[in-house]
Each structure stands twice: as C-alpha cells, then as structure tokens.
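Chain residues, written in single-letter form:
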Amino acid sequence: MSDAARLPAGPVGPYAFVFWNDDLDDAGVLAQLREIAGAGFVGVTLSARVGLSRRVGYLTPEFLRLVRVAVDECARLGLAVMLYDEASYPSGSANGAVVARDPAFAARCLVPVTRDIEVPAGADPAEAGYWRPALGRDLDARLLAVVARRTDEDGEVVGDDAVLLPVRAPGLVRLDLPAGTWGVVAVFDAASGGTIRGAHAEQDDGSALAPPAADLLNPDAVAAFLELTHDAYAAALGEHLGTTVVAMFTDEPFLLGRGHRPLARPYTPGLEAEVASALGVEVAEVARRLPELWDGEGTRPGGTDPDATGFVRDWDDAVRARLHRVYYDAQAAWCAAHGIALTGHPAEPDDLATAARLHWPGQDTVWRWVVPRSAASRDEGGSSTGLDGPESTAPKVAASAARARGGASAVTEVLGAYGWRLSLDEARWLLDWYLSRGVTTPVLHAFFSSVRGGRAFESEPDLGRWNSWWPHLPPLVGYVRRVAQLLDAAPPVWSVGVLSRADSVPSGPVVRALLESQVDFGYVDRDDARAAAGYAVLVDPDDGVPDVAALKVRLRAAGAPVVEAGPAVPDLRAVVLGGHAGYLFFHEGEASVRTWLRLPSVPDDACWWAPFTDARHAVERDDQGRVLLELGRRRTLALVPAAGQPVAPAVATPGHRVEVTGWRGTVERTVERTVGEPSTTAEDASAVVPAELSPGDWTEVPGLRRFSGSVRYTAEVDVPDGAGHARLDLGVVGEAATVRVDGAVVGHALAAPYVVDLGALAPGPHAVEVLVSNSAANWYEGDRRPSGLIGPVTLTW
C-alpha cells in the first residue's frame, strides 16, 4: 500500500483558495466560509496573503485563533481544509522567521567573480602576480574555488584543461599560469539575497522589509520551518488534523528566493561533497569544474536547468535530490505523522519527479500562461498554450505523478492572476483542461477577504463576493464537483505511457498527436522501470511523432480500449473511464461538432449525461454500432449507464421559433455597492440610471458606462398548444445568465451559445426571469465589455 493510501483521502472536487489579505475578525471569516460552502465547494485552502494586517500578524496567537475559528466552522459546514504553509509565497521561510532564528539559515548560492588575464610567452613564473577576488563588501562570502580556463580571442572557453588555483591567506590567488589567454573564475558561497512575498503590505517584492528566503537544502533550516509553522498549526488545531484538516499545501519553493543575486546558482555548504560522492571523484575535481555552472543559460526558479548536460546536469541532479530529501521528504514525514497529506506544487510545471514527492501531487496555472486557442489561430496552424510549451504539461504532470503514487488525488491551483477580464466561459475551459487530463482536485484561486486599496489588483480576480458574476459561480462549482467525483470513482484508463525525463516532460508534437486523436496517456519517468507498469504501449519522444493509426492497432492487439471519431475532431478530448464506467468527452474548440464514435464497448442502457445540467438524454446509434456525438462549443458530455435514472428522448432539431419581447430590466446587484465605494459607473456625474432597462448592451447607457453587477430582466412568454420540449435562446449575453420560469430556476448559461433547456412547458402564459451579470473588468479596469441581455431572445420548440 502506498503512503497516499494510508492518509485521509479528502473529498475530491473544487476547493476555494481563501486569501486573508486585510484586517480580520470572526464575523468576516465566518461569513466568507458560509458563502463558500453555500456555493458548493468541498473544501478551502486557508492562506495568509500580502495585505494581512499587523494587528492580526502571521503565526501570532491572534492569527492562530482565527485559524481555529475558521477550521471549527469548516467542520460544522462539512468543508475540508488544506492549510497553507507560508505567508504568501514561495514556501519554506515562515515569513522570514526561519532566518530571524539563525542568519545562517538564509538561502545560499554560488556566484562567480571573473577576471581575464593574458600570460605572455616566455613570462617568468617567478614574476606571476596575485589577485584577491572579492564579492563586493560581503563579509560573510566564502571563497570556495578559483579556477583558470583557457579562452580564445572572443573570450570563449577552449579545451578542458581547467586549473584549480590554490588560495592563500588572506584570500590571495597567485596567477601562476602557462602562456596564453585565461579566464579566471572565483566561485563564492554567499547568501543569495533572495526574498519571499510576505504577509504584510510592506513585505512585498522590492521592499526592504521583504522576508529573506530560507535555505531549503539545509536540514536545520527546514526543521526550524516545520517547528515555526507546522507545529504551531498542530498545537492550535489538535484533533482537527486528519479529520477536517486533510492536507498541507506547500507552494513552489524557490531555492534562491525571489530577486536573488545575478548569476546565482543554488548551493548549501557541503553540496560539492555530495556531487563528488555521486560521481566517484575527489572534491577538488568538483571544485575544478564549478565554472561550468555558468556556461549555459542559467537556472529556472526551481534551481535547475532541464537542458543541462555533463557536469552541470550532475550538479543539478544533486541539487534536486537534496531538495527532495531535505525539504519535501521532511514535510511529507511531518504530514504523515499527523494524519494529513502533503500537497501543493513544485516551482516548475514540467517537473514530474518533484511533483511525485507530494502525497497529492499538484501543479498550478496562473498569469494567463494557458488560454483557449481561438478558431482563427487553429485555422492558421498557430501554436496552442494548452498543448505546447512547459506550462501545457502541468495537468498531466500532476495526474501522472498521482497515478505513480498509487492513485492519489491530483491537485491544481488554477485561475489565479488571470485578471478581472476572466470570464466564467474562460474559467470553465481552464477547469475542463485540467479535468480532461485527470486532475480531480482544483483549488480555485482566489477568494479575497478584501479588495480595499491595491488588494483588488494583487493576483486578481477575486472569484467571490467582489466579482460581478459571483451569483453564477455555484453552477460551475457544481459541474466541476460532479465531473471530479466521476473521475475519482472510475479512474481513467491510460494505455499509453510517454517516456519523459524526471524533471522535464515533453510537450508539443508528440502530445498533440495523441490528444488530438483521442488517445489518453500518462507521463512515465524513463529512469523508473516501475513507473511503466500498467501501460500497454510506451511512446518515446526521441523516436519522433508516433504514427497514431499504427499505435491504435498496437493498442487493440494489446486489448486496450481505443476511441475513434469520424469525422476527425482534433479539439475533442476523450477519457475512457475505468471499470467499464463509460466515457467522458471534452470539447476544447470553438465550433460545435457532430461526429460518430466507434467505442470498444457501450452498455445497453447507455445514455448521454450532461454534467453541467445533470440531465440525461438518449443515445443514437447507427447500423455499424457507432454512437453519435453532438457537442457544442466548449461543452462536456459523458456516455454512462443510465442505472435507473430517467432519460429524456433525444431532443429533435427545433422546428418553430418565436422572438420573445417585452423585456424589462432592473438593477439588482452592483460591484461598487458591494465593495463600498461611491457610485462611479457613469463618465458624466449628471447621468441618471434609468428605472428600467431594455435588452441591449447597457454600457451604451450613459449612467451605466462602468457598471458591473447584475440586472434582472422579466417578460411573459405565451407557450402555444403542442409546443412540447422548449428551449430559450438568449442570443448574445454579457456575460452570464440564470433563467427562472414561474419563479423556479430552470437553467444557467455561462458561455455561448446561451441556450437553456426549459423542458416541456404547459400551454399558456409563463413568467420568465433572466438574471444577467457582466464582467467586473468594466468597474475595476474601466473596460467596456458587452453587458446585459443583448439578444435577440427566442423561444424554440
């Protein structure tokens, strides 16, 4: 049994990433948690964030008291809790308290000081001069090695006859070298100067008060971090650990910290001895080769270079192995001892090995790193951020690491810093992007305690009460919960394993060829033979892009399930559910699709289930046994057994259409009123907000130029005799809508096409209400995004 299996599973589905970013009191904490529970979330991740008040403090008695208040309430509400292990990010420093305990615990690095010299032919060695390299006025910097390497006239290193020069007191190096041009590199061990983003407003990047980053390669520093943070939580929460509290979230630890010295490379004293031991050489040989660390392009925030080879690769492997052992494994052991899981995500999106150190492996997608590809981009053959580049690998990295751990939950931090222009349409696409690749526990970033002052623009948007489309978030949360629970109950079948480097999995052509042909897969560490178990076919990217048709022949021969779509639909993602539970189909494209699916097996009582509406309808088959799939833009359907649930007949193409008129709209909810700011929605202060609004873009109404909020439109619809199954097509909507008929909610429309199924309505008049909420960017950013029930609205049957 894996260690993940022994830890509390925790509910899968959406968690709310809660930002405590201002002064807090019990009432505010409780109110926010109740709103989150009411929206349908399964849990929360509680996080101190930049802007937290000094009165509350971080890890103070008052802070920990509020955490206890919050966790007690979560237990009452049935919300699971992930604790966040840092004040903002990156993790590992306890808001600077680790370094405050011992300055020697500050993050360390290697940095070079260079000098070019030319030794004339025939020079007398007795006349060789001295050099005293110095790292500015750094009193604590330690000169680790001085190495001379031959260079050409352009300063490029030539040959491999590097010379390790002895260092004499008080730090002098005698430049006794053969004739020629030399580049001399003095390598210093020094504090990196890196920081983290702290808890308080004056502790952010660039501030003199930003907390120093800790040395995550130093076991004593990590032990201090665990004592200061984890032990404090354990003392405050006691019996909640392992019950309501299910996990500890560690966030992209940076070995050097943020804003570190230029040219810094990760280091901790004694690392050179570990590298020497791994290579079977003397420490002096490792010291002689240290200048090679600066021959490449440099390191990523995680501290290593995935393109490195030779000695640099060996050094990076030692750094990563030590980070795993000293930081991640120590955290994992603490969590396991307290009955909770370690989760979060590493610094790099494609780092499979580091993600696998987490009990619940995770990744993050923020800052608009991944966005839907437009139809125009596809037509032009452009690249896709969802398929190309390291960030595109994040969902599969998390899910593959979880699979390698024996089926642990896969986690993501998603939607953060996408800006106030983030729509529910785009949010759903991103969440589907993760779900379709096997991630079952998305942590939605973020729910702000406050948007006071600049807080509204710190990793925005808020997804909660401060956003205009907050009333429409619960349907999306419910959808994500239903899909995640289905994936958890019937883990997807991955018959193809893509061989990968441990710290840098592939993206691009190989992955594209598989996913666009409805072949699901997992990443497999090519150096871990055990990880390949369970895959019918292994694909090696070093062999080029696979012939998918031939690959499917091999899969069938191995008895693996194969999905075929005709005509081909490159934007369709197919998930084969385990245990013959059915199939999930996600459409990542912009145009509706109609295709016939050839599937390995289809239950006799199969039906189409729409997880967003939780409705089922009948399946159409042709004489070849194929199943018809009709799927709208960015929509999802599951083919599952009906299992006794009511199944509606397939909906016929509408034959009748009538426009619905007479709409009257009234303002119901405004962002500025929620925030508590004076009304500034009009460019002209004398503009008047009309008592009633007609359909159309309300940004064209002078008094509503910058209005963000909700408007309720009402009209009467007269349903004729024999109408039967009816739909309401809202036309153009900016941006989300909820429809009620005769006071009862009948559906939600968060993205185009804005069509709501009304079911069978009795003949005669019916009161129809449409609540429309627009983008918060209009108010926060001064944007002018289309807003309102723009229409035309039609009833079809």
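Peer 1: I'm lost on the pairing of strand E23 (residues 593-598) in this one. Help?
Peer 2: Looking down a regular strand, the side chains alternate between one sheet face and the other. Direction of pairing for strand E20 (residues 564-566) relative to E23: antiparallel, over a ladder of three bridges. Note that in E23 the partner of Glu564 across the bridge is Arg598. Looking at chain direction, E23 and strand E26 (residues 627-631) are connected through five bridges and run antiparallel. Note on E26: the bridge partner recorded for Trp596 is Leu628.

Peer 1: Mind showing me how you'd approach the sheet that holds strand E29 (residues 664-670) here?
Peer 2: Sheets are built from strands paired through backbone hydrogen bonds, the pairs being either parallel or antiparallel. An order of E29-E30-E36-E33-E34 is seen for the five strands of this open sheet, with the pairing classed as antiparallel. Among the strands making up the open sheet, the edge pair consists of E29 and strand E34 (744-749). Ignoring which end each strand starts from, the neighbouring axes of this sheet average 25 degrees apart. Where strand E30 (residues 709-719) and strand E36 (residues 764-773) come together, 10 bridges link them in antiparallel fashion.

Peer 1: How should I be thinking about the pattern of salt bridges in this particular structure?
Peer 2: If the charged atoms of two oppositely charged side chains come close together, the side chains can form a pair. One pass over the full model with this rule turns up 61 salt bridges. Arg68 serves as the salt-bridge partner of Asp72, at 3.0 Å between the closest nitrogen and oxygen. Taken together, the positions of Asp72 and Arg68, both in helix H3 (residues 61-77) and four residues apart, correspond to about one turn of that helix. Glu630 is the partner of Arg594 in a salt bridge, and the nearest nitrogen-oxygen pair spans 3.1 Å. One end of the pair, Arg594, is in strand E23; the other, Glu630, is in strand E26, with 36 residues separating them in the sequence. Through salt bridges with shared partners, one network takes in Asp23, Asp26, Arg55, Glu62 and Arg65.

Peer 1: Before we go on, may I ask you to explain helix H15 (residues 548-557) in this structure?
Peer 2: Counting along an α-helix, one turn takes 3.6 residues, and residues three or four places apart therefore face a common direction. Val548, Leu551, Lys552 and Leu555 are the residues of H15 that are buried. Mapping the buried residues of H15 onto a view down its axis gives an arc of 100 degrees, with all of them on the same face. Structural note: H15 exposes Ala549, Val553 and Ala557 on the side pointing more than 90 degrees away from its buried face. Taken together, the buried residues of H15 touch strand E17 (496-500), helix H14 (509-515), strand E19 (537-539) and E20. For H15, the N-terminal cap is Asp547; the gap from its side-chain oxygen to the backbone nitrogen of Ala549 is 3.1 Å.

Peer 1: How should H3 be read in this particular structure?
Peer 2: If you check H3, its first and last C-alpha atoms are 24 Å apart, about what 17 residues at 1.5 Å a residue would give, namely 24 Å. Inspection of H3 places Phe63, Leu64, Leu66, Val67, Val69, Ala70, Val71, Glu73 and Cys74 among the buried residues, and these make up the whole buried set. Buried residues along H3 sit in contact with strand E1 (15-20), helix H2 (26-38), strand E2 (43-48), strand E3 (80-87), helix H5 (219-237) and strand E11 (245-251). At the exit of H3 stands Gly78, carrying a positive phi of roughly 80 degrees.

Peer 1: Even after reading the chapter, I still don't get the packing of helix H6 (residues 271-279) against helix H8 (residues 310-337), so can you show me in this structure?
Peer 2: Each pair of packed helices gets described by two things: the angle between the helix axes and the distance between those axes. Viewed as axis vectors pointing N to C, H6 and H8 meet at an angle of 115 degrees, and their least axial separation amounts to 10 Å. As judged from the angle between their axes, H6 and H8 are roughly perpendicular. You can see that H6 and H8 cross each other, and the crossing is right-handed. Judged by residue contacts, Leu271, Glu272, Glu274, Val275 and Leu279 of H6 engage Phe311, Asp314, Trp315, Ala318, Val319, Arg322 and Arg325 from H8. Residues that form the contact of H6 with H8 fall into these classes: seven nonpolar, no polar and five charged.

Peer 1: Help me understand the sheet that holds strand E4 (residues 108-119), please; the structure alone is not making it clear to me.
Peer 2: The antiparallel open sheet is built from five strands, whose spatial order is E7-E6-E10-E4-E12. At either end of the open sheet lies a strand with only one pairing partner, and these are strand E7 (163-165) and strand E12 (265-267). Neighbour-to-neighbour, the strand axes of the sheet open up by a mean angle of 35 degrees, direction not taken into account. Two elements, strand E6 (residues 142-150) and strand E10 (residues 180-191), share eight bridges in a ladder whose sense is antiparallel. Bridge assignment links Ala148 to a residue of E10, and that residue is Val184.

Peer 1: What should I look at first to understand the side chain of His200 in this one?
Peer 2: By the secondary structure assignment, His200 is in the loop between E10 and H5. Overall, His200 belongs to the buried group, its relative accessible area being 3%.

Peer 1: How should the pairing of E4 be read in this particular structure?
Peer 2: Here E4 pairs with E10 via 12 bridges, running antiparallel. Note that in E10 the partner of Val113 across the bridge is Ala186. As paired strands, E4 and E12 are joined by three bridges and run antiparallel to one another. Residue pairing for E12: Arg108 is matched across the bridge by Tyr267.

Peer 1: Any chance you could explain the nonpolar core here in plain terms?
Peer 2: Generally speaking, a soluble globular protein has its nonpolar side chains buried in company with each other. Of all hydrophobic cores here, the largest spans 157 residues; its most connected members are Trp20, Val44, Phe63, Trp315 and Leu473. Considering every element that reaches this core, the biggest residue donor is H8, with 12 residues. Leu704, Ala723, Leu728 and Val756 belong to the second-largest nonpolar core, a separate cluster that totals 31 residues.

Peer 1: Can you help me understand the packing of aromatic side chains in this one?
Peer 2: Working definition: an aromatic ring pair is given by the centre-to-centre distance plus the angle between the planes. In total, this model carries 22 aromatic pairs according to the counting rule given. Considering the side-chain rings of Phe447 and Trp470, the 6.4 Å spacing of their centres and the 75 degrees angle between planes classify their relative orientation as edge-to-face. Remark: Trp470 occurs in the loop between strand E16 (441-448) and helix H13 (473-489) and Phe447 occurs in strand E16; sequence separation between them is 23 residues. Across the pair, Trp470 and Phe447 agree in class, each one buried. Between the aromatic rings of Phe457 and Tyr780, the centroid separation amounts to 6.3 Å while the plane-to-plane angle is 80 degrees, which identifies the pairing as edge-to-face. Of this pair, Phe457 sits in the loop between E16 and H13 while Tyr780 sits in helix H17 (residues 777-780); the two residues are 323 residues apart in sequence, bridging distant segments of the chain. Its relative accessible area of 43% is what places Phe457 among the partly exposed residues. Taken together, the aromatic side chains of Phe17, Phe19, Tyr84, Phe249 and Phe448 make up a single cluster linked through ring pairs. Sitting above the plane of the Phe521 ring, Lys396 keeps its charged end 5.1 Å from the centroid.

Peer 1: Looking at this structure, I do not really get the environment of Tyr418. What am I missing?
Peer 2: Mapped onto the fold, Tyr418 is located in the loop between strand E15 (411-414) and helix H12 (424-435). Distance in space between the C-alpha atoms of Tyr418 and Glu460 is 6.6 Å, their sequence separation being 42 residues. With residues up to four places along the chain from it excluded, the contact list for Tyr418 reads Thr365, Val366, Trp367, Arg368, Trp369, Val370, Val371, Glu426, Leu430, Glu460 and Pro461. A distance of 2.5 Å separates a polar side-chain atom of Tyr418 from the backbone oxygen of Val370.

Rules of the game
- As a convention, each chain's residues are numbered from 1 in the sequence order in which they are written.
- Under the rules for a predicted model, residues below a pLDDT of 70 receive no local features and side-chain atom pairs below 80 are neither given nor counted, while totals for whole chains, interfaces and linings still include all residues.
- Excluding hydrogens and water, the side-chain figures rest on all heavy atoms present in the structure.
- Think of it this way: DSSP has to see at least two bridges between two strands before they count as a pair.
- Where helices and strands are cited, they refer to DSSP runs of H or I of at least four residues and of E of at least two residues respectively, numbered from the N terminus.
- Every axis in this analysis is a line fitted to C-alpha atoms, fitted for helices over the stretch in contact. Angles between the N-to-C directions lie between 0 and 180 degrees.
- We define a salt bridge as a contact between a side-chain nitrogen of Lys or Arg and a carboxyl oxygen of Asp or Glu at a distance within 4 Å.
- We call a residue buried when its accessible area falls under 20% of the maximum for its residue type, exposed when it is over 50%, and partly exposed in between, using a 1.4 Å probe and counting protein chains only.
- What the arc covers is the set of directions going from the helix axis to the C-beta atoms.
- For this analysis, residues touch if any pair of their heavy atoms sits within 4.5 Å.
- Here a polar contact means two N or O atoms within 3.5 Å. Within protein one must be a hydrogen donor candidate and the other an acceptor candidate, and residues neighboring in sequence count only if both atoms are side-chain atoms.
- By this rule, a helix spans an expected 1.5 Å times one less than how many residues it contains.
- Orientation labels follow simple angle bins: below 35 degrees gives roughly parallel, above 145 gives roughly antiparallel, 65 to 115 gives roughly perpendicular, and whatever is left gives oblique.
- Helix crossings get a hand from a simple test, with the near helix turned counterclockwise from the far one by less than a right angle marking a left-handed crossing and a clockwise turn marking a right-handed one.
- Basically, the charged four are Asp, Glu, Lys and Arg, the nonpolar ten are Ala, Val, Leu, Ile, Met, Phe, Trp, Tyr, Cys and Pro, and anything else, Gly included, counts as polar.
- In this text, buried Ala, Val, Leu, Ile, Met, Phe, Trp, Tyr and Cys residues form a nonpolar core when linked through side-chain atoms within 4.5 Å.
- The pairing test for Phe, Tyr and Trp rings, Trp by its six-membered ring, is centres within 6.5 Å, and the orientation test on the planes gives stacked under 30 degrees, edge-to-face over 60, and tilted for anything in between.
- We count a charge as sitting over a ring when the NZ of a lysine or the CZ of an arginine lies within 6 Å of the ring centre and within 35 degrees of the ring normal.

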